[in-house]
Amino acid sequence: MAAITRFLKPSAISHVRRCLYSASAVAAESNPRAPSPFGDYKITRQDPSKRNVQWVFLGSPGVGKGTYASRLSNLLGVPHIATGDLVREELASSGPIAKQLTEIVNQGKLVSDEIIISLLSKRLQAGEAKGESGFILDGFPRTINQAEILEGVTDIDLVVNLRLPESVLIEKCLGRRICGQCGKNFNVASINVKGLNGCRGISMAPLLPPSSCMSKLVTRSDDTEEVVKERLRIYNEKSQPLEDYYSNQGKLMEFDLPGGIPESWPKLLEALNLDEFDERQSVAA
């Protein structure tokens, strides 16, 4: 964090510090002898001024959490930890949880808090052993219970909630394609929503594949309008209490994406007061 605050504007420094020390105060009041839901692993709490950021990214399915979290991860030099990736890695391994996970996924059930926390604990422990500092979490927490467990073992500085209108999210999800040969992701949707009655307009160009992939594109089996709408309904139902939880702590930053990556990335950096930091990184490169 100390490395980052050198480039932040004064208003951003004070806001982030308020979040940091608020979280530290809550942690100090907790019982240090209480059993950790993370098992034997005890996350080392550090002075916020001596570590990197510890952020959470929220947002509906298809909003682009992974894209923006990954970009910020590269910019700030902190690991991007996506629980979806952790589940996929475990499924591909011969680890102790792999068989149980396979049964859950095949039955279309939700992965339990216990399994998610176990995988996250293992990832954080491995990162700490390698000297990693800070993180950007993507896909966790998703419930207040998960958020409370997370707050019990480490501090969360800021929660970024990315937002898009539901009609745009549906169009984005229905436009997703995967190359059956190379495995890369693309999107054939060309979104151009005009602003009406005070609502903002949104334009997103398609992310088209090279000609070598064009004939090999496949659609995910769950990317149907009915399934996408149901996923969004469930997410909205569960996300509001979590957003309120972080908002009440003064940690939630709502960000309405103005368009695709070319339009949204500079605006997001500006909202996070990292635009000057990005410019300095570009010059250094």
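Residues numbered from 1 in each chain as written. Predicted model: local features only at pLDDT ≥ 70, side-chain atom pairs only at ≥ 80, totals over all residues. Heavy atoms only, no water.

Where an unreviewed UniProt entry is consulted, the protein appears under the name adenylate kinase, with the organism given as Hibiscus syriacus. According to its UniProt record, the protein has this under Catalytic activity (unreviewed entry): "AMP + ATP = 2 ADP". What UniProt states about the protein under its Subunit (unreviewed entry) heading is, verbatim, "Monomer." (UniProt positions renumbered as here; feature names shortened; annotations may be inferred.)

(A) A look at the pairing of strand β3 (residues 135–138). The two faces of β3 match: F135 and L137 on one face and I136 and D138 on the other face are all buried. Note that strand β2 (residues 80–82) and β3 share three bridges and pair parallel. What sits directly across from H80, in β3, is I136. (Buried < 20%, exposed > 50% of the residue type's maximum accessible area, 1.4 Å probe, protein only. Helix = DSSP H or I, 4+ residues; strand = E, 2+ residues; numbered from the N terminus. Pairing = 2+ DSSP bridges.)

(B) Structural detail: the sheet that holds strand β10 (residues 252–256). Strand order in the open sheet formed by five strands is β2-β3-β1-β4-β10, with parallel pairing between adjacent strands. Each having just a single partner strand, β2 and β10 make up the two edges of the open sheet. Each adjacent strand pair in this sheet contributes to an overall mean axis angle of 20°, direction not counted. As paired elements, strand β1 (residues 54–59) and strand β4 (residues 158–163) share five bridges and run parallel to each other. (Axes fitted to C-alpha atoms, helices over the stretch in contact; angles between N-to-C directions.)

(C) Quick look at the packing of helix α7 (residues 144–153) against helix α10 (residues 225–248). In the contact formed by α7 and α10, the axes pass within 9 Å of each other and the chain directions differ by 35°. Together, I144, A147, E148 and E151 of α7 and P241, L242, Y245 and Y246 of α10 make up the contact between the two elements. Looking at the contact of α7 with α10 residue by residue, the classes come out as six nonpolar, no polar and two charged. (Contact = heavy atoms within 4.5 Å. Nonpolar A, V, L, I, M, F, W, Y, C, P; charged D, E, K, R; others polar.)

(D) Spotlight on the pairing of strand β5 (residues 176–179). For β5 and strand β6 (residues 185–187), the ladder comprises three bridges, and the chain directions are antiparallel. Of the residues in β6, the one forming a bridge with R177 is F186. Sheet analysis places β5 next to strand β9 (residues 217–218), joined by two bridges and oriented antiparallel. Bridge pairing in β9 places I178 opposite V218.

(E) Highlighting the sheet that holds β5. Pairing is antiparallel in the open sheet, where three strands are placed in the order β6-β5-β9. Both edges of this open sheet fall to β6 and β9, since each of them pairs with a single strand only.

(F) Representation of the packing of aromatic side chains. In the structure shown here, the tally under the stated rule is one aromatic pair. Where Y245 meets Y246, the ring centres are 5.2 Å apart and the plane angle is 75°; that geometry is what we call edge-to-face. On the basis of relative accessible area, Y246 is assigned to the buried category, the value being 0%. It is R71 that lies over the ring of W265; its NZ or CZ is 5.4 Å from the centre. (Phe/Tyr/Trp six-rings, centres within 6.5 Å; stacked < 30°, edge-to-face > 60°. Lys NZ or Arg CZ within 6 Å of the ring centre and 35° of its normal.)

(G) Up close: unusual backbone geometry. Following F140, the chain continues into P141 via a peptide bond in cis, with omega recorded as 0°. With respect to the element layout, P141 can be found in the loop between β3 and α7. Even without being a glycine, N273 presents a positive backbone phi close to 55°. Tracing the backbone through its elements, the reader meets N273 in the loop between α11 (261–271) and α12 (275–284).

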